[in-house]
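Chain and residue survey
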Amino acid sequence: MKKMKPRMLRPGSRIAAISLSWGGPGAIPYRYEIGKQQFEEAFGVTVIETEHALRDADWLARNPEARADDLMAAFVDETIDGIISTIGGEDSIRTLPYLDLDLIRNNPKVFMGFSDTTISHAACFKAGIVSFYGPSFMAGFAENGGMFPYMVDSVRRTLFSPEPIGVIEPNRAEWTVEYLPWENPENQSIRRKLNPCTDWRFHQDEGVAEGQLFGGCVEVLDWLRGTDYFPSAVSDLHGAVLFLETSEEGAPPSMLSRFVRCLAAMGILEGLSGILFGRPGGDVDPQTFSEYDDALCKAVREEYGFNDMPIVTNMDFGHTDPMFVIPMGMKVRINSAKQEIAVGEAAVTKN
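Overview of the structure. Note that the structure is predicted; figures quoted are calculated from it, not measured. (Residues numbered from 1 in each chain as written. Predicted model: local features only at pLDDT ≥ 70, side-chain atom pairs only at ≥ 80, totals over all residues. Heavy atoms only, no water.)

**Thoughts on the environment of V312**
The condition that has to hold: Secondary structure elements are taken from DSSP: a helix is a run of H or I of four residues or more, a strand is a run of E of two residues or more, and numbering for both begins at the N terminus. The classification of residues rests on relative accessible area computed with a 1.4 Å probe and restricted to protein chains. Under 20% of the type maximum is buried, over 50% is exposed, and intermediate values are partly exposed. Note on contacts: a residue pair qualifies if any of its non-hydrogen atoms lie within 4.5 Å across the two residues.
By the secondary structure assignment, V312 is in strand β11 (residues 311-315). The class of V312 is buried, set by a relative accessible area of 1%. Here the alpha-carbon distance between V312 and R201, two residues 111 residues apart in the chain, equals 5.4 Å. Leave out the neighbours within four places in its chain, and V312 touches W200, R201, F202, I275, L276, F277, I334 and I341.

As structure tokens, this is what we get:
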């Protein structure tokens, strides 16, 4: 089913910062403030906080309904043009009983975040609106020493333009996953260690596939299985392109194999048009990245025989930086012969 697009963001837009999981801004306020400042300066917008966004992390942990209320209030508030997560965490799933999908459906607007925000993206997907898997204020917009141009360009092309997104180019510069503890403000001025550029890996030499984007952090998606918020195989994910990435906890390659097996048992794998996999997150040796590719390809092709399904790995989204923004719910085209990935229309509307 085609998803409703939100209105594009513009200079002067009002963006709501929301804490749907961990109360990062309350725990490490300077890091949030830097992300807010760098985002406002780069895009000419105004960031305001939802009612409970800056609350103490322990208070937010005890009050999932308040976090959900913040999200509902941000969607219904006509003065707010977009909603962006302050940070991820591990318990957004506790907000699900308090969400109103009709309210979300009737008030589509830009919503962005990643990691544990996968939960809220699944709610948007179920409600029928396009949402955006991308940077948060404390991870991405608060990048040490300034934001990565690759990420800034992707945010601008995806959220601030009514033109078709077009070909999504790989990051041609260096990338990083280094963690410099946020608790030490002195680390903010230290650029993170960069690694040599690594190309996206197309595990197929020919063929073209198209499908609606759905996905997120593997660990978080796994929590959703069996709930009403995990899409059904027939009505929601048939023909879809699944995007997956692993968190800062450094999940092993075996997690991918097991997740694929679950998808097969649920009748979902056979209906997919393709799979996109982000560069592994966490303290994982880049020399072992191929083990993740092997685990994914073996499960899909050797164990289940889907030899023609395009698989692209080592991509620039998820828990490494810089990342590009994924318009979840939009149709993406994978051209294996050209080694090209493109979104043929705008993800936002002009009016």
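Back to the text.
**Comments concerning the sheet that holds strand β5 (residues 131-133)**
Stated precisely, the cut-off is as follows: Strands are treated as partners if at least two bridges between them are detected by DSSP. For every element, the axis is a line fit to its C-alpha atoms; helices are fit only across the contacting stretch, and the angle between N-to-C directions ranges from 0 to 180 degrees.
Spatial strand order, β2-β1-β3-β4-β5-β12: six strands in an open sheet with mixed pairing. Each edge of the sheet is formed by a strand with only one pairing partner; in this case those strands are β2 (46-49) and β12 (326-328). Strand after strand, the sheet turns through a mean of 25° between neighbouring axes, direction not considered. Note that β5 and β12 share three bridges and pair antiparallel. Bridged to S131 within β12 is M328. Here helix α2 (residues 29-43) sits on the sheet in contact with β1 (14-18), β2 and β3 (82-85), set at roughly 150° to β2.

**Let's talk about the pairing of strand β10 (residues 274-278)**
Put simply, the rule reads: When the strands point away from the viewer, a crossover counts as right-handed if the route from the first strand across the helix to the second turns clockwise.
Of all the five residues making up β10, five are buried; the element is thus mostly covered by neighbouring parts of the structure. Residues of β10 alternate between two faces, with G274, L276 and G278 on one and I275 and F277 on the opposite face, all of them buried. Note that strand β9 (residues 241-245) and β10 share four bridges and pair parallel. Counted as the bridge partner of V241 is G274 from β10. For the handedness criterion, the β-α-β arrangement of β9, helix α9 (residues 253-265) and β10 is classed as right-handed. When β10 meets β11, the two strands line up parallel, connected through three bridges. Bridging from a neighbouring strand, I275 pairs with I311 of β11. Remark: the β10/helix α10 (residues 289-303)/β11 crossover connection has right-handed handedness.

**Quick look at helix α6 (residues 118-127)**
In terms of residue burial, α6 counts as a mostly covered element, since nine of its 10 residues are buried. Those residues of α6 that fall on the buried side of the exposure criterion are T118, I119, S120, H121, A122, A123, C124, F125 and A127. Of the residues trailing α6, G128 is marked for its positive phi of about 100°.

**Side note on the nonpolar core**
General note: in soluble globular proteins, nonpolar side chains tend to be found buried as a group. To be explicit about the condition: Buried residues of nine kinds, namely Ala, Val, Leu, Ile, Met, Phe, Trp, Tyr and Cys, make up a nonpolar core once their side-chain atoms join them within 4.5 Å.
Core analysis: the biggest nonpolar cluster contains 109 residues, and F75, F141 and L276 have the highest contact counts within it. Among residues more than four places away in sequence, those in contact with F141 are I34, G35, Q38, F39, F43, I84, M112, P135, S136, M147, M151 and V155.

**Considerations on unusual backbone geometry**
A cis amide bond links D321 to the next residue, P322, at an omega of 0°. Residue position: P322 is located in the loop between β11 and β12. Even without a glycine there, the phi angle at S115 is positive, about 65°. Tracing the chain through its elements places S115 in the loop between β4 (110-113) and α6. Residue class for S115 comes out buried when judged on its relative accessible area of 9%. Positive phi, normally seen in glycine, also occurs at N314, with a value near 65°. With respect to the element layout, N314 can be found in strand β11. Owing to a relative accessible area of 2%, N314 belongs among the buried residues under this scheme.

Function cannot be read off these values alone, since they describe shape.
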